[in-house]
Amino acid sequence: MSKKIISITFIISICITSKLVFANANIEFISTVPDETNHGVLFVTDFSNLEGQAKEIDQASNGLLGKTLKYHSENTPNQHYLELYAIAEFDKLVVIEHSDSMLSKVELNNLGGKIAKILNNQLNGNQFIVYSQSINADEAAIEAHLALGYKLRSYQFNKYKSNASNDTGSIIFVGDDIEVSRQVYQNDLAHLAEGVYLTRNLSSEPGKTIYPQSFVDEVKKQFKGVKNIDIDVLTLRDMKKRNMGALMGVGKGSIHDPRLLVIEYSGADKKQQPIALVGKGITFDTGGISLKQNSGMWAMKSDMAGAAAVAGSIYAAAKRKEQINIVGLMALAENMPGPEAIRPGDVLETMKGTTIEILSTDAEGRLVLADAVYYAQQEFNPKMLLNIATLTGSAARALSDEYAVVITRDWELSVEMMSIGKQSGEHVWPLPLHPNHFKQISSDIADIKNSGAGNPGASIGAAVIGTFIDDNLPWVHLDIAGVDWLSESTDTTPIGSSGWGVRFMTELIRREAKQDSN
Ligand code: BES
Ligand code: ZN
Ligand code: ZN
């Protein structure tokens, strides 16, 4: 690449955490294709009919590109990409076929993610030019949205691998209006990606290293230097003072005390009520005395994915300088069967002053959230409250990887959440909350019990939390037990922690901020 190109190239490399997970590619934006290029990604709408940039490359290859793609589409019609070597001026050229319709932002993210999926973090130090002229979208910053998808899909959690590669190539987006894309990426989408990375890092980390206080330490480290952020940490002593018996109860079997981490972001006038985001942060869920079975228990290291998503979303909002006030509360505890652990049959007193009979110590998420959502309302008077939790196996069985469960008291709000899901690429689908679900959790000896007789588990879990939320407060309950961890990759998410919720909550925050300014 020429010196001139380098000088107009803005390099954005994200190094997320000192606990290091390095993304291995730089993402760059330039206005003209460099003279000498030997690695490329070419988008085309039809393998059998090359136009524009594709046609030029075809000509430079003396028709070989066109012939190869045509042959490929006739023989492998379901594979819409091809990796080619030694064609025209390229040592390597990846060709990706896409729809010729107007693409949404999420579709652009998915296309960008495909680049990462195909290259699989094997850039080998090379600079890949992305030829994206064939893409049409209702969006000026096409390349920025492709870049976000690339970034999200190229995530790796490799800090525990002794042979992790630190390959550093570049993905270089080229376009006529590239300045717009560069700004949108640099000032906005790169921060969103960082938020997702932070969430995935925290959720991928084993329970041995992430426990309530280390979660707090890690998040504090990430927020160092971020403006308009105020962090408060409630320890056991503070919880005792406030009578948070449910949150304290869950932590009793562990050698690690629980914490309530509170992050306030003030991006708007102090008088504006904040939105409250409350996350379940069980740093490991053994089930407690109601011990889980062995198979798959390891995955409970990510039972704090809700809290991690709250941290990631606020981080992104603060870095994006969104004009809104947000308070994030992360209810952190480790659910272990130690000698002091709570038992089935025990009764806990909550901050609200009501009591909960424990039927299963494995239904612990709703307990930590009960005190956290109550505290959020008492302390911050939010205009809406969203809680996000890996709450029930029932939600995962109902909706699997495709949708998170959303439960509200009001259908319109659920519809709004579905729209946010669609626009963010993190989809939600409603389950009901019926008066009978509240009846099911009435207890013979206490005010409520922490689980019902069985079905419908996701709604019963929501009802327990709902008991601690003012009927008049707009309230969104997200159960992400099915979507927080993927065993199959998608276009924007590798296998493992998905970081689910950061894109969703970021879209919600954008909409709320827009409403505030009107
Ligand atoms: N953390 C689990 C829910 C979960 C299950 C998350 C699978 C991710 C994948 C939660 O604490 C739990 O154990 N819930 C119980 C509740 C039951 C005892 C009422 C469940 O869903 O089985
Ligand atoms: Zn549990
Ligand atoms: Zn749990």
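Residues numbered from 1 in each chain as written. Chains lettered and ligands numbered in written order. Predicted model: local features only at pLDDT ≥ 70, side-chain atom pairs only at ≥ 80, totals over all residues. Heavy atoms only, no water.

Some thoughts on the coordination of the zinc ion (ligand 2)
Phase 1: The zinc ion (ligand 2) binds to the protein through Asp285 (OD), Asp362 (O), Asp362 (OD) and Glu364 (OE); the donor distances cover 2.0 to 2.2 Å.
Phase 2: Taken together, the six donor atoms coordinating the zinc ion (ligand 2) and their angles of 70 to 167 degrees define a geometry best described as irregular.
Phase 3: Sequence positions of the residues that donate to the zinc ion (ligand 2) give the spacing D-x76-D-x1-E.
Phase 4: Judged by its relative accessible area of 2%, Asp285 is buried. (Donors = N, O, S within 2.8 Å, 3.2 Å for Na, K, Ca; no water. Tetrahedral: all angles 85-135°; square planar, octahedral: opposite > 155°, others 65-115°. Buried < 20%, exposed > 50% of the residue type's maximum accessible area, 1.4 Å probe, protein only.)

Thoughts on the sheet that holds strand β17 (residues 448-449)
Phase 1: Reading across the sheet, the three strands line up as β12-β13-β17 and stay open at both edges, with mixed pairing between neighbours. Each edge of the sheet is formed by a strand with only one pairing partner; in this case those strands are β12 (347-349) and β17.
Phase 2: Bridge count for β12 against strand β13 (residues 355-357) is three bridges, and the pairing is antiparallel. Bridging across to β13, Leu348 finds its partner in Ile356. (Pairing = 2+ DSSP bridges. Helix = DSSP H or I, 4+ residues; strand = E, 2+ residues; numbered from the N terminus.)

Concerning the nonpolar core
Phase 1: Formed by 86 residues in total, the largest nonpolar core has its most connected members in Ile115, Ile171, Phe173, Phe215 and Leu478.
Phase 2: The dominant element in this core, judged by the number of residues it contributes, is helix α10 (residues 305-319), at ten residues.
Phase 3: Dropping the residues within four chain positions of it, Phe215 is found in contact with Leu202, Ile210, Leu261, Met304, Ala307, Ala308, Met330 and Leu332.
Phase 4: Counting residues in each nonpolar core, the second largest holds 51 residues, with Ile282, Ala333, Ala389 and Ile448 among its members. (Core = buried A, V, L, I, M, F, W, Y, C linked by side-chain atoms within 4.5 Å. Contact = heavy atoms within 4.5 Å.)

Thoughts on helix α11 (residues 365-380)
Phase 1: Its 16 residues give α11 an end-to-end C-alpha distance of 22 Å, which sits within 8% of 22 Å, the value for a rise of 1.5 Å per residue.
Phase 2: Backbone geometry just downstream of α11 places Asn381 in the positive-phi region, at approximately 40 degrees. (Expected span 1.5 Å × (residues − 1).)

Points about the sheet that holds strand β18 (residues 475-479)
The pairing of strands in a sheet happens through backbone hydrogen bonds and is either parallel or antiparallel.
Phase 1: Taken in spatial order, the eight strands line up as β8-β9-β11-β10-β14-β18-β15-β16 in an open sheet, and their pairing is mixed. Each of the sheet's edge strands pairs with one partner strand only, and the pair in question is β8 (229-234) and β16 (428-430). Ignoring which end each strand starts from, the neighbouring axes of this sheet average 20 degrees apart.
Phase 2: Relative to β18, strand β14 (residues 384-389) runs parallel, the two sharing five bridges. Bridge pairing links Ile388 to Leu478 in β18.
Phase 3: Packing against the sheet, helix α7 (residues 212-223) makes contact with β8, β9 (259-266), β10 (275-285) and β11 (325-335), and its axis sits at approximately 20 degrees to β9. (Axes fitted to C-alpha atoms, helices over the stretch in contact; angles between N-to-C directions.)

With respect to the side chain of Thr199
Phase 1: With respect to the element layout, Thr199 can be found in helix α6 (residues 178-204).
Phase 2: In contact with Thr199, not counting residues within four places along its chain, are Ala305, Ala308, Ala309, Gly312, Ser497, Gly499 and Val502.

Considerations on the site of ligand 1
Phase 1: Near ligand 1, the surroundings consist of 16 residues, among which Lys292, Asp303, Asp362, Glu364 and Gly393 are the closest.
Phase 2: In this structure, an oxygen atom belonging to ligand 1 sits 2.8 Å away from a side-chain N or O atom of Asp362.
Phase 3: In isolation ligand 1 exposes 520 Å². Once the protein is present, 74% of that is buried.
Phase 4: Taken together, the residues of the shell around ligand 1 break down into four nonpolar, five polar and seven charged. (Near = heavy atom within 4 Å. Polar contact = N/O pair within 3.5 Å; in protein donor to acceptor, adjacent residues only side chain to side chain. Areas by Shrake-Rupley, 256 points an atom, 1.4 Å probe, with all protein chains shown as cover. Nonpolar A, V, L, I, M, F, W, Y, C, P; charged D, E, K, R; others polar.)

Concerning the packing of helix α13 (residues 411-424) against helix α16 (residues 502-517)
Phase 1: At their nearest, the axes of α13 and α16 sit 9 Å apart, and the two run at 115 degrees to each other. By the angle between their directions, the pair α13 and α16 is classed as roughly perpendicular. With respect to the hand of their crossing, α13 and α16 are arranged in right-handed fashion. Here Glu416, Met417, Ser419, Ile420, Gly421, Gln423 and Ser424 of α13 come into contact with α16, specifically with Arg503, Phe504, Glu507, Leu508 and Arg511. (Parallel < 35°, antiparallel > 145°, perpendicular 65-115°, else oblique. Left-handed = near helix turned anticlockwise from the far one by under 90°.)

So, the coordination of the zinc ion (ligand 3)
Ideal values differ by geometry: the angle at a metal is 109.5 degrees with four tetrahedral donors, but 90 or 180 degrees with six octahedral donors.
Phase 1: Note on the zinc ion (ligand 3): its protein donors are Lys280 (NZ), Asp285 (OD), Asp303 (OD) and Glu364 (OE). The metal-donor distances range over 2.0 to 2.4 Å.
Phase 2: Considering all six donor atoms around the zinc ion (ligand 3), angles at the metal cover 77 to 172 degrees and the coordination shape is octahedral.
Phase 3: When the donors of the zinc ion (ligand 3) are listed by position in the chain, the intervening gaps give K-x4-D-x17-D-x60-E.
Phase 4: Separating the zinc ion (ligand 3) from the zinc ion (ligand 2) is a gap of 3.2 Å, bridged by Asp285, which donates to each. Of this pair, Lys280 sits in strand β10 while Asp303 sits in the loop between β10 and α10; the two residues are 23 residues apart in sequence, bridging distant segments of the chain.

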